Amino acid sequence: MTELETKIRAEAERLLSEHLVDVVVAFRKEDAPLHPQPAFFTQVDELQDLVYNGLCANNLANYLTRHPQETRIGMVVRGCENRSVNALVVEKQHTRENLVLIGIPCEGILDWRHIVALTGENVLSVEENGESVCVHTRENTFAFSRVELLHPSCQRCLHPNPISADVLLGELKPEGDPELMRLRIEALENLTLEERNAWFRHEAERCIRCYACREACPMCYCTECFVDHTEPRWSESGVTPAGMQAWHIVRAFHQTGRCTSCGACERACPMDIQMTYLTDKLNLDMIDAYQFEVGMDTTTQPPFATLTLDDKNRFITRGK
Amino acid sequence: MNATPMKVALFQCRWCLYSPEDQAWVDHNLPENIHLVKVPCTGRIDPLFILNAVQGGADGVMINGCLPEKCHFKEGNLAARRQLAEFGSFLDYIGYEQARVRFVWLDLQDRGRIQRELAAFERTLEQLGPAQALATRAPAATGGTHD
């Protein structure tokens, strides 16, 4: 058990035993060493299963909307999760007073697919020592540097530190470089129209329409998604090019000014489809046009929810 | 002139054409290549409407609405401006030129402007050529949902 885990358990135990929260949302140890699972702790004696390491891949803010507003929730949050929680509070999905955020400065999430690709399927355990990661398989032991195993979204992470946590455990990490995300999007924007379309089709048309990305996303909390409507049918529901493209376009567009670039959608995708190049582009547009960054406070509404007459608008052309 | 005229989806707010002659022309005399979708306000236009037009094979999408202070519902067009403008630029990012999505905000003195705007838009589209990249919906003849 790492020092950080001890601190998280102690904090969770304090919250539960003093009845400050009804449930603590964190990660639980599983038999599969690469997949700690999100878990809901309501009793102090359950906390022995609580773990926290670089393989905790889910965005826990996802579980905020599955509880009634009155539930007092203690939640382990990293930088992206903290911003997702803020964005959800802005959208009135929970009251901030009923939340206790246990903040952890994040070292980045390890990409389990990348680990399996490098070491083979038989992983027994993963040991993290600061900047190095040791993977033990049934046959062998591999040593990696942490950076090479990081999930792509975490390599581009802007805010690894929780920005409004109630309790902060561990040492603060340096902020990320905003240019990394911008460079990636600009590289795509500089391609020709045909190349951009080919890239989009290559990604979107591997989709099997399992909607794992939607289920993993904290901001996708609609009780009925547009793809589930049958009357009227908004988009083709089958695994057809039109249906797959419509899903990717509209899913991303519904995230405009709401996505925190946590990459949970990509980590959940069984087909290894890239999706953050869509939401990151929309995020950058929101930063450039409205100076709006998602989840930086609990009061600012996203641009599409605010209307002003004095918008700069390149579309208004008066009669010739 | 092109042999096949460009297909245009025209989303028109029902309050933006102040002159009855213009409205009558739009309602009854539109050329066949222009498909009219009348909406109560531009704020009613979901990005999905535009996506459906694009996937259904529209070479261009024109959106007519009222000027900012003139919205019949006070601020429906403000919501539309922010969202649909961004959607247009997002479609450009994945392969549908931004010039193919055009907004025309009409005013009281703009009598007859809609015809000029449509003609100019069609000329732009003819220069760009037909849009194939996102026209992925299967035609009705093969069991699809559009014709």
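Residues numbered from 1 in each chain as written. Chains lettered and ligands numbered in written order. Predicted model: local features only at pLDDT ≥ 70, side-chain atom pairs only at ≥ 80, totals over all residues.

Caption draft 1: Geometry of the interface of chain A and chain B. Opposite the 29 residues of chain A that make contact, chain B presents 33 residues. Residue assignment for the side of chain A that touches chain B shows that the elements contributing at least two residues are helix 7 (193-204), helix 9 (241-254) and helix 11 (276-290) of chain A. The greatest single-element share of the side of chain A that touches chain B, amounting to seven residues, is contributed by helix 9 of chain A. Partitioning the side of chain A that touches chain B into residue classes produces 17 nonpolar, six polar and six charged. (Contact = placed C-beta atoms within 7 Å. Helix = DSSP H or I, 4+ residues; strand = E, 2+ residues; numbered from the N terminus. Nonpolar A, V, L, I, M, F, W, Y, C, P; charged D, E, K, R; others polar.)

Caption draft 2: Expanded view of the pairing of strand 2 (residues 34-39) of chain B. Residues and elements named next belong to chain B. Relative to strand 2, strand 1 (residues 8-13) runs parallel, the two sharing six bridges. Following the sheet pairing, Phe11 is matched in strand 2 by Val37. Handedness of the strand 1-helix 1 (residues 20-28)-strand 2 crossover: right-handed. (Pairing = 2+ DSSP bridges. Right-handed = clockwise from strand over helix to strand, strands pointing away.)

Caption draft 3: Structural view of the sheet that holds strand 7 (residues 132-137) of chain A. Residues and elements named next belong to chain A. Taking strand neighbours across the sheet as the criterion, the three strands line up as 6-7-8 in an open arrangement whose pairing is antiparallel. Taken across any chain shown, the strands that pair with only one partner, and hence form the sheet edges, are strand 6 (123-129) and strand 8 (141-145). Adjacent strand axes in the sheet meet at a mean angle of 20 degrees, parallel and antiparallel pairs treated alike. Direction of pairing for strand 7 relative to strand 8: antiparallel, over a ladder of five bridges. Looking at the pairing, Ser132 lines up with Ser145 of strand 8. (Axes fitted to C-alpha atoms, helices over the stretch in contact; angles between N-to-C directions.)

Caption draft 4: Region of interest: the environment of Gln12 of chain B. Tracing the backbone through its elements, the reader meets Gln12 of chain B in strand 1. Of the residues examined, Gln12 of chain B has 23 C-beta atoms within 10 Å and is grouped as buried. (Buried ≥ 20, exposed ≤ 12 C-beta atoms within 10 Å, placed from the backbone.)

Caption draft 5: The sheet that holds strand 4 (residues 101-106) of chain B, seen in detail. Residues and elements named next belong to chain B. Taken together, the four strands give an open sheet; going across it, the order is 2-1-3-4, and neighbouring strands pair in parallel fashion. Of all strands in the sheet, those with a lone pairing partner are strand 2 and strand 4, marking the two edges. Averaged over all pairs of adjacent strands, the angle between their axes in this sheet comes to 20 degrees, without regard to strand direction. Pairing geometry for strand 3 (residues 60-66) and strand 4, over six bridges, is parallel. Opposite Cys66, over in strand 4, you have Leu106 as the bridge partner. Taken strand by strand, helix 2 (residues 47-55) contacts strand 1, strand 2 and strand 3, and its axis lies near 150 degrees from that of strand 3.

Caption draft 6: Region of the structure containing the nonpolar core. One finds Ala12, Ala26, Met75, Val76 and Ile102 of chain A together with Val54 and Val61 of chain B to be the most contacted residues of the largest nonpolar core, which totals 119 residues. When residues of this core are assigned to their parent elements, the largest contribution, nine residues, is made by helix 3 (residues 76-93) of chain B. When near neighbours in sequence (up to four residues on either side) are disregarded, Val76 of chain A contacts Ile8, Val25, Ala26, Tyr52, Leu60, Ile102 and Ile104 of chain A. (Core = buried A, V, L, I, M, F, W, Y, C linked by C-beta atoms within 7 Å.)

Caption draft 7: Broad picture of the confidence of the model for chain B. Summary statistics for chain B give a mean pLDDT of 89 and a share of 93% for residues scoring 70 or more. Predicted complex metrics record ipTM = 0.91 and pTM = 0.91. (pLDDT = per-residue confidence, 0-100.)

Caption draft 8: Just the pairing of strand 5 (residues 99-103) of chain A, in detail. All names here are of chain A. Counting buried residues along strand 5, four of its five residues qualify, which places the element largely inside the surrounding structure. For strand 4 (residues 73-77) and strand 5, the ladder comprises five bridges, and the chain directions are parallel. Among the inter-strand pairings, Ile73 is bridged to a residue of strand 5, identified as Leu99. Between strand 4 and its parallel partner strand 5, the chain crosses via helix 2 (residues 79-90), and the hand of that crossover is right-handed.

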